[in-house]
Amino acid sequence: MDLIIATRNQGKIGEIREALDMLGVVLHTFEEFSEWPQVDEVGQTLEENAVIKAEALRNHFDVHTIADDSGLEVNFLEGRPGVLSSRYAGPEEDPERNIDLLLKELTSVPENWRSARFVCVIALALAENGLRVTKGECLGTILPERRGTGGFGYDPVFQPAGFSSSMAELSLAEKNSISHRGKALREMKKVLEGLI
Ligand code: IMP
């Protein structure tokens, strides 16, 4: 089975590859294509955006396509940045500026009020028009400063519940074993196993 991964985010691509390894699926990314449609994330929810991305690429290439839409929800900020996670500090989608803004907003907020969760929705748009959606979440807290160099996005300031390290201090395999994306992908792996 051939499957396109509908993202240009190398962090997501690496995690999806690791999670779907051994499935016997051939994964294709944007790097193999000379043209790649620009898809605007106009949905109001992670699920809407995941479906928009998966269907747009499936319609363009006529190949099974999976898309991830994910984000960070901070309780003290009433769920922000949420669906706007990648563009929190502006349209240039700069992860460092996003973290700076988040830390600024949480200045002086004590540790027990810094709870948050990562949420991930994976959508699979089948070439013959079917659609499957899976979800995962990972609870944790926002650290007062960056720690570690792994992962991507908000990983350096997210400490998963039950861990003393940040998400960016975990190996790829460790992150996938507890992360929102890892959970959603394990569910999607079961769906794919039923289709192969
Ligand atoms: P999307 O590409 O619109 O789904 O944006 C997802 C954004 O959420 C990313 O750019 C990150 O800012 C954040 N995010 C999602 N998953 C993760 C993760 O695993 N680690 C760190 N940040 C994440």
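What counts and what doesn't
- Residues numbered from 1 in each chain as written.
- Predicted model: local features only at pLDDT ≥ 70, side-chain atom pairs only at ≥ 80, totals over all residues.
- Heavy atoms only, no water.
- Helix = DSSP H or I, 4+ residues; strand = E, 2+ residues; numbered from the N terminus.
- Rg over C-alpha atoms; globule rule 2.2 N^0.38 Å.
- Buried < 20%, exposed > 50% of the residue type's maximum accessible area, 1.4 Å probe, protein only.
- Areas by Shrake-Rupley, 256 points an atom, 1.4 Å probe, with all protein chains shown as cover.
- Lys, Arg positive; Asp, Glu negative; His and termini not counted.
- Charge placed at Lys NZ, Arg CZ, Asp CG, Glu CD.
- Arc of directions from axis to C-beta.
- Contact = heavy atoms within 4.5 Å.
- Polar contact = N/O pair within 3.5 Å; in protein donor to acceptor, adjacent residues only side chain to side chain.

## Here we look at the overall build of the protein chain
Now for step 1: When you go through the protein chain residue by residue, the secondary structure sums to five helices and six strands.
Now for step 2: Going from N to C terminus, the protein chain has its helices and strands arranged as β-α-β-α-β-α-β-β-β-α-α.
Now for step 3: Computed over the C-alpha atoms, the radius of gyration of the protein chain is 17 Å, within 12% of the 16 Å expected from 2.2 N^0.38 for a compact globule of 196 residues.
Now for step 4: Its C-alpha atoms give the protein chain principal-axis dimensions of about 50 × 30 × 25 Å.
Now for step 5: Counting all 196 residues of the protein chain, 46% fall into the buried class.
Now for step 6: Within the structure as shown, the protein chain displays about 9600 Å² of accessible surface, and the carbon and sulfur contribution to it stands at 50%.
Now for step 7: Distance between charge centres in the protein chain, computed from 21 positive and 32 negative side chains, equals 3 Å.

## Section: helix H3 (residues 95-105)
Now for step 1: Buried within H3 are the following residues: Asn98, Ile99, Leu102 and Leu103. Seen from one end, H3 has its buried residues packed into an arc of 130°, which puts them on one side.
Now for step 2: On its buried side, H3 packs onto strand S3 (65-74) and strand S5 (131-142).
Now for step 3: N-cap assignment for H3: the residue whose side-chain oxygen lies 2.9 Å from the backbone N of Glu96 is Asp94.

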